[in-house]
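Summary of the model geometry
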Amino acid sequence: MARYKKSEAREWAREHMFGVANVTIPTMTSDFKRLNEKAIRHDVELAIEHGFVGSLSCSEVAITAEQYGRFCEIMVDQARDRMFVVHHAVSNTLEESIEATKMAEAAGAELVLLGYPPFFYPQSYDEVYAYSKAICDSTNLAVMLFPLPAWGFGRLHPADIPVPVLRRLIDDCPNVAAIKTEGGVPYIMSAIEMHRHFHKDVVISSPLEFEYAPLAQVMPIPFCGTNYSAYFGPTLPRIHKLINEGKFDEATEIWYKVDPARKAFGSLPIASNGLINRLMWKYEGWLQGYNGGPIPHPTQRIFDRDMAVLRRGLDAAGLNPTSDPDEAFFIGRNPE
């Protein structure tokens, strides 16, 4: 259970959502019959070592609800209050999402990232509000709202979830504690607008590293996540630290240095048609020491050409990818 009451969600967020949060993707045993607990613990421990303050328990993989609940338990147990776990609230239906949220809360997750199912096709923002409020009402956990083009709401408004809807949710749901600003990407208006309207109410997260590092030098952005930053190893937590120490030139120098890796990541089809290639994300983390290894089918694939681009990007950026051969990724560092 969370360390705070529902009425304290925003205070908890102000205190703990300061830093960078990555994504942990579950690993299966080689026979695909159960979770590989040792591999999951390895990934949590390395995330803490790399300086991440939180990690998303990724639900966009083909595991059962029971396996997802156990995945959250393992992450929470390994983190032991050194890093908070973010529940990934995207399921097939509202009812399933509520059930999974309750399961994650019981496991000890402390933040909810609120997403929407592919078959949720609202005709108005009243429906978006009602869905979002139902999730918030169902849990005592802090909730991070998440405007994003992948939900398909851009046909209703270019901001994906516009300010009036977010204001209603903040006013009506005391546990709305943060906003993840990816509405209308690739444009930066979401980060600017969310800060302007809501930074006094809730934590504003700029999750895209190429936006976060420049914007955080001209306006306070306490949180960067959840995101793909495991690909850069400990680099983004280091940039966050430098920015908050006022060492903008040093942070900017590192931001420029990792540009080859940034461009390598951006050159690949990471999120075609709204579905992130989690196997590719898993490979990106494996290059920096994370476990890698199997995730269940159906899944998108990663090919030699993709792996070569990602590895070369890290090499060019001086981020020291593993020297292990790529075939070792498919087995993982802690096979069972």
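On a predicted model such as this, the values are computed, not experimentally measured, just so you know.

**Description of the packing of aromatic side chains**
The tally for this structure, following the rule as stated, stands at 21 aromatic pairs. Both rings, one in Tyr116 and one in Tyr131, keep their centres 5.3 Å apart while their planes meet at 50 degrees; by these two values the pair is tilted. Of this pair, Tyr116 sits in the loop between β4 (111-114) and α5 (125-137) while Tyr131 sits in helix α5, and the two are 15 residues apart along the sequence. When its relative accessible area of 3% is taken as the criterion, Tyr116 is described as buried. Three or more aromatic residues link up through ring pairs in this structure, and these residues are Tyr116, Phe120, Tyr131, Phe146, Trp151 and Phe153. Seen from the ring of Tyr129, Arg168 lies directly overhead, with NZ or CZ sitting 3.6 Å from the centre. Directly above the ring of Trp281 sits Arg278, whose terminal nitrogen or CZ lies 4.7 Å from the centroid.

**What about the pairing of strand β3 (residues 84-89)?**
In terms of residue burial, β3 counts as a mostly covered element, since 6 of its 6 residues are buried. With burial as the criterion, each face of β3 is covered, one bearing Phe84, Val86 and His88 and the other bearing Val85, His87 and Ala89. When strand β2 (residues 54-57) meets β3, the two strands line up parallel, connected through 4 bridges. Residue pairing in the sheet places Leu56 in a bridge with Val86 of β3. Pairing of β3 with β4, which is carried by 4 bridges, proceeds in the parallel orientation. Bridging from a neighbouring strand, Val86 pairs with Leu111 of β4. Between the parallel elements β3 and β4, the chain passes through helix α4 (residues 94-107) in a crossover that is right-handed.

**So, helix α12 (residues 278-286)**
With 9 of 9 residues buried, α12 lies mostly within the body of the structure. Of all the positions in α12, only Arg278, Leu279, Met280, Trp281, Lys282, Tyr283, Glu284, Gly285 and Trp286 are classed as buried. Along its buried surface, α12 packs onto β1 (19-24), α2 (37-49), β3, α11 (259-266) and α13 (304-317). You can read the cap of α12 off the contacts: a side-chain oxygen lies 3.2 Å from the backbone nitrogen of Leu279, and it is on Asn277.

**What to know about the layout of surface pockets**
Taken as a whole, the second largest pocket spans an internal volume of roughly 210 Å³. Taken together, Phe32, Leu279, Gly293, Pro294, Ile295, Pro296, His297, Thr299, Gln300, Arg301, Phe329 and Phe330 make up the full set of residues lining the second largest pocket. Looking at the lining of the second largest pocket residue by residue, the classes come out as 7 nonpolar, 4 polar and 1 charged.

**Points about the environment of Asp259**
Mapped onto the secondary structure, Asp259 falls in helix α11. Distance in space between the C-alpha atoms of Asp259 and Phe210 is 9.1 Å, their sequence separation being 49 residues. Engagement of the side chain of Asp259 in a polar contact is seen with the side chain of Lys263, the distance being 2.4 Å.

**Topic: helix α7 (residues 189-198)**
An α-helical turn contains 3.6 residues, so a residue and the one three or four places further along point in the same direction. Along α7, the positions that sit buried rather than exposed are Ser190, Ala191, Glu193, Met194, His195 and Phe198. In this fold, the buried residues of α7 make contact with α6 (163-172), β6 (176-180), β7 (203-205) and α8 (209-215).

**Concerning empty space enclosed by the protein**
Applying the stated criterion across every chain yields a total of 1 cavity of 30 Å³ or more. Here the largest cavity defines a volume of roughly 160 Å³. As for the largest cavity, its lining consists of 17 residues, and the residues nearest its centre are Val23, Ala230, Trp281, Lys282 and Gly285. Of all the elements in the fold, those that place two or more residues in the lining of the largest cavity are β1 and α12. The biggest single contributor to the lining of the largest cavity is α12, with 5 residues. Across the lining of the largest cavity, the residue classes break down as 8 nonpolar, 6 polar and 3 charged.

**Section: the packing of α11 against α13**
In the contact formed by α11 and α13, the axes pass within 7 Å of each other and the chain directions differ by 165 degrees. Judged on the interaxial angle alone, α13 and α11 are roughly antiparallel. Viewed along their axes, α11 and α13 form a crossing whose handedness is right-handed. Taking contact as the criterion, the partners of Pro260, Ala261, Ala264 and Phe265 in α11 are, on α13, Val309, Leu310, Gly313, Leu314, Ala316 and Ala317. Residues that form the contact of α11 with α13 fall into these classes: 9 nonpolar, 1 polar and no charged.

**Description of the nonpolar core**
Ranked by size, the top nonpolar core spans 115 residues in total, and within it Met17, Tyr116, Ile179, Phe198 and Tyr231 carry the most contacts. Leaving out residues up to four positions away in the same chain, Met17 has contacts with Trp12, Phe84, Leu111, Met144, Ala178, Val203, Pro222 and Phe223.

Definitions and cut-offs
- Residues numbered from 1 in each chain as written.
- Predicted model: local features only at pLDDT ≥ 70, side-chain atom pairs only at ≥ 80, totals over all residues.
- Heavy atoms only, no water.
- Phe/Tyr/Trp six-rings, centres within 6.5 Å; stacked < 30°, edge-to-face > 60°.
- Helix = DSSP H or I, 4+ residues; strand = E, 2+ residues; numbered from the N terminus.
- Buried < 20%, exposed > 50% of the residue type's maximum accessible area, 1.4 Å probe, protein only.
- Lys NZ or Arg CZ within 6 Å of the ring centre and 35° of its normal.
- Pairing = 2+ DSSP bridges.
- Right-handed = clockwise from strand over helix to strand, strands pointing away.
- Contact = heavy atoms within 4.5 Å.
- Polar contact = N/O pair within 3.5 Å; in protein donor to acceptor, adjacent residues only side chain to side chain.
- 1 Å grid on protein atoms, 1.4 Å probe; cavity = no way out; pocket = protein on both sides within 12 Å on 5 of 7 lines; lining within 4 Å.
- Points joined across faces, edges and corners; volume = space filled by probe spheres on them.
- Nonpolar A, V, L, I, M, F, W, Y, C, P; charged D, E, K, R; others polar.
- Axes fitted to C-alpha atoms, helices over the stretch in contact; angles between N-to-C directions.
- Parallel < 35°, antiparallel > 145°, perpendicular 65-115°, else oblique.
- Left-handed = near helix turned anticlockwise from the far one by under 90°.
- Core = buried A, V, L, I, M, F, W, Y, C linked by side-chain atoms within 4.5 Å.

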